[in-house]
Amino acid sequence: TSAAELRRLPPERAAEQLPVAIEATVIAVDPQSTVFVQDGTGGTYLNNPLRGNWERGQRLRITGKTYPGLYVTGVRPDRIEVLGTPIEFVTPWAE
C-alpha cells in the first residue's frame, strides 16, 4: 500500500476497514491521537496509533486497516514496527 493509494480511496471504501501495509517516515506527531507519516508517494496519518515513543524521522512498517478521515484516508494501525532511527530533518535556509 502507498500513501497515494490511500489518498485516492473514497471515504466509503475506507470505511470498509481494508487491510493496509505501508512503510513510511514519521513527519509529525500529535501526542493526543495522530502520527503523520510520508512515503515516496505522499503523506497520510495514523489514527489512534499504538503506544510508542514516535519521533519525527523514524522509519516505520505499519499494518492495520483503512480509516475514513475528515480530509484524507488514514490508517488505524494494528501493528507498528520501527525500521530505523530518526533521520535529521534539514531546515530550509533562506537568504
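Before we go on, may I ask you to explain the side chain of T66 in this structure?
Summarising the element assignment, T66 is placed in strand β4 (residues 59–68). For T66, a relative accessible area of 5% puts it in the buried group. Engagement of the side chain of T66 in a polar contact is seen with the backbone oxygen of A14, the distance being 2.7 Å. In this structure, T66 is in contact with L6, L9, R13, A14, Q17, L18, V20, T73 and G74, ignoring residues within four places of it in sequence.

I keep staring at the packing of aromatic side chains and nothing clicks. Help me out?
To describe a pair of aromatic rings, you give the distance between the ring centres and the angle between the ring planes. Tallied over the entire structure, the rule returns 1 aromatic pair. Here F36 and Y45 contribute two aromatic rings whose centre-to-centre distance is 6.5 Å and whose plane-to-plane angle is 45 degrees, an arrangement assigned as tilted. The class of F36 is partly exposed, set by a relative accessible area of 36%. We classify Y45 as buried; its relative accessible area is 11%.

Calculation notes
Residues numbered from 1 in each chain as written. Predicted model: local features only at pLDDT ≥ 70, side-chain atom pairs only at ≥ 80, totals over all residues. Heavy atoms only, no water. Helix = DSSP H or I, 4+ residues; strand = E, 2+ residues; numbered from the N terminus. Buried < 20%, exposed > 50% of the residue type's maximum accessible area, 1.4 Å probe, protein only. Polar contact = N/O pair within 3.5 Å; in protein donor to acceptor, adjacent residues only side chain to side chain. Contact = heavy atoms within 4.5 Å. Phe/Tyr/Trp six-rings, centres within 6.5 Å; stacked < 30°, edge-to-face > 60°.

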